[in-house]
Amino acid sequence: MRQPLIAGNWKMNGTKTSAEALLSGLVAGSVGISKAEIAVCPPFPYLALGERLLIGSSVRLGAQNVCTQDVGAYTGEVSALMLAEFGCHYVICGHSERREYYGETDSIIAEKLLACIKQQLTPILCVGETLQQREQEQTEAVIGTQLGNVIAQIGIDTFQKIEIAYEPVWAIGTGKTATPEQAQSVHYFIRQQLAKHDQIIAEKVRILYGGSMKASNAQDLLSQPDIDGGLVGGASLIVEDFLAICQAGDAVVL
Ligand code: 13P
């Protein structure tokens, strides 16, 4: 069985004070959680705080974005080397909000994945369809293309070092969650797409679900055979809610 990973994506939320409280609360609350892996991805300015406060705990640190380039004149960008220096383990790449608001293409996202891997960071590659695409029954076509473009650019072997998150855009921040069956069906599809290239890699890769995951639906989602964790937005901002999802992740491990 793949070890569940529950990762919190804070997005652009919080203050120094709230970040400190959330990180400390997670450290304290994560003590009894041993089977699921936990990660938090705060905004860049709070990474140093995360590095300091998470020391000695099992909670891993992650970032929400990274530059494609290693170093140089790229105003406003942050390199993978910098993220590694601040103790990051994970980096979310190609979140739908970055695709939509900042024009990130599959090709840019593929470069970001490589930039992470070069610094021994583990990227979390996000894929997902919009409501319109789902209604037009294009879900598999859209996700197949998002994945296929990345595989064509960086190769299937790279997926040994990548986590995937299926995040249906229509379920993000809307309170509408994909049903466990809907999510499982897409997760299975994603694994099949990888298996066409390499069955062993396909079996090993973790595929997280993201989109209004909360304490009340986490266990049902995480019990599905191809759902290996969660990428949690809103509910990751409240320590009790996030810990309850982590506990659900712990509980599905036999
Ligand atoms: P919500 O959990 O707020 O729907 O966000 C999901 C998400 O986008 C995580 O990356």
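Here, the structure is the one placed above.
Quick look at the structure, then. It should be emphasised that the depicted structure is a prediction, and the values quoted were computed from it without experimental measurement. Counting restarts for each chain, with residues numbered from 1 along the sequence as it is written. In view of the model being predicted, local features appear only for residues whose pLDDT reaches at least 70, and side-chain atom pairs are presented and counted only at 80 or more, with totals across whole chains, interfaces and linings using the full set of residues. No hydrogens and no water enter the side-chain calculation; it runs on all heavy atoms of the structure.

**Regarding the pattern of salt bridges**
No. 1: Any carboxyl oxygen of Asp or Glu that lies within 4 Å of a side-chain nitrogen of Lys or Arg is treated as forming a salt bridge with it. Taken as a whole and judged by the stated rule, the model has 14 salt bridges.
No. 2: Salt-bridge contacts for lysine 112 lead to glutamate 104; the nearest nitrogen and oxygen are separated by 2.7 Å. The two residues lysine 112 and glutamate 104 agree in class, both being buried.
No. 3: Each of Arg2, Arg191, Glu203, Asp226 and Asp228 takes part in one network of salt bridges that share partners. Exposure is judged per residue with a 1.4 Å probe applied to protein chains only, and the accessible area is read against the type maximum: over 50% gives exposed, under 20% gives buried, and values in between give partly exposed.

**Some details on the site of the ligand**
No. 1: Note on terminology: near, applied to a residue and a molecule or strand, indicates that one of the residue's heavy atoms is within 4 Å of it. In the vicinity of the ligand, the residues found are Asn9, Lys11, His95, Glu167, Ala171, Ile172, Gly173, Gly211, Ser212, Leu231, Gly233 and Gly234.
No. 2: Between the ligand and the protein, one listed contact pairs an oxygen atom with a side-chain N or O atom of lysine 11 at 2.7 Å.
No. 3: By the criterion applied in these results, polar contacts are pairs of N or O atoms within 3.5 Å in which, for protein atoms, one can donate a hydrogen and the other can accept it, and in which residues neighboring in sequence qualify only through two side-chain atoms. For the ligand, an oxygen atom lies 2.9 Å from a polar atom in the backbone of glycine 233.
No. 4: Relative to its unbound accessible area of 310 Å², the ligand is 95% covered by the protein chains. Every accessible area reported is derived by Shrake-Rupley at a probe size of 1.4 Å, with residue values counting cover from the shown protein chains alone.

**Let's talk about helix H7 (residues 139-154)**
No. 1: Secondary structure elements are defined from DSSP: runs of H or I of at least 4 residues count as helices, runs of E of at least 2 residues count as strands, and each element is numbered from the N terminus. In this scheme, a helix's expected span is set at 1.5 Å multiplied by one less than its residue total. Here H7 spans 23 Å end to end across 16 residues, near enough to the 22 Å set by a 1.5 Å rise per residue.
No. 2: Among the residues making up H7, those that are buried are Thr139, Val142, Ile143, Gly144, Gln146, Leu147, Val150, Ile151 and Ile154.

**Examining the nonpolar core**
No. 1: Residues enter a nonpolar core if they are buried and are Ala, Val, Leu, Ile, Met, Phe, Trp, Tyr or Cys, with the set joined through side-chain atoms within 4.5 Å. In this structure, Phe159 and Ile164 are the most contacted members of the largest nonpolar core, which totals 70 residues.
No. 2: Residue contacts are defined here by distance: any two heavy atoms, one from each residue, within 4.5 Å place the two residues in contact. Each residue touching phenylalanine 159, except ones within four places of it in the same chain, is listed here: Leu125, Leu147, Val150, Ile151, Ile164, Leu194, Ile201 and Val205.

**Re the side chain of histidine 95**
No. 1: With respect to the element layout, histidine 95 can be found in the loop between strand E4 (88-93) and helix H4 (96-101).
No. 2: Residue class for histidine 95 comes out buried when judged on its relative accessible area of 4%.
No. 3: Separated by 2.9 Å, the side chains of histidine 95 and glutamate 167 make a polar contact.
No. 4: Aside from chain neighbours lying at most four places away, what touches histidine 95 is Asn9, Lys11, Cys126, Glu167 and Ile172.

**Examining the environment of glutamate 37**
No. 1: By the secondary structure assignment, glutamate 37 is in strand E2 (residues 37-41).
No. 2: Its relative accessible area of 9% is what places glutamate 37 among the buried residues.
No. 3: As for glutamate 37 and leucine 254, which are separated by 217 residues in sequence, their C-alpha atoms are 15 Å apart.
No. 4: Among all residues touching glutamate 37, those that are not within four sequence positions of it are Gln3, Pro4, Leu5, Ile6, Arg60, Tyr90 and Arg206.

**Here's the deal with the environment of isoleucine 172**
No. 1: Mapped onto the fold, isoleucine 172 is located in the loop between strand E6 (163-166) and helix H8 (180-195).
No. 2: Isoleucine 172 sits 66 residues away from aspartate 106 along the chain, and the two C-alpha atoms are 20 Å apart.
No. 3: Beyond its immediate chain neighbours, meaning those up to four positions away, isoleucine 172 contacts Lys11, His95, Ser96, Glu97, Glu167 and Gly211.

**Some remarks on helix H1 (residues 16-29)**
Because an α-helix completes one turn every 3.6 residues, residues spaced three or four positions apart along the sequence face the same direction.
No. 1: Across its 14 residues, H1 extends 20 Å between first and last C-alpha, which sits within 8% of the 20 Å expected from 1.5 Å per residue.
No. 2: Where H1 is concerned, the buried positions are Ala19, Leu22, Leu23 and Leu26. For H1, the angular spread of buried residues about the axis comes to 95°, placing them on one side. Of the exposed residues in H1, the ones pointing more than 90 degrees away from its buried face are Thr17, Ala21 and Ala28.
No. 3: Lining the buried residues of H1 we find E2, helix H2 (47-53) and helix H11 (239-251). Arc, as used here, means the arc of the directions from the helix axis to the C-beta atoms.

**Regarding the state of the cysteines**
No. 1: We call a pair of cysteine sulfur atoms a disulfide when they lie within 2.5 Å. Scanning the entire structure with this criterion turns up zero disulfides.
No. 2: The cysteine cysteine 67 is free of any disulfide, with cysteine 116 supplying the nearest cysteine sulfur at 11 Å.

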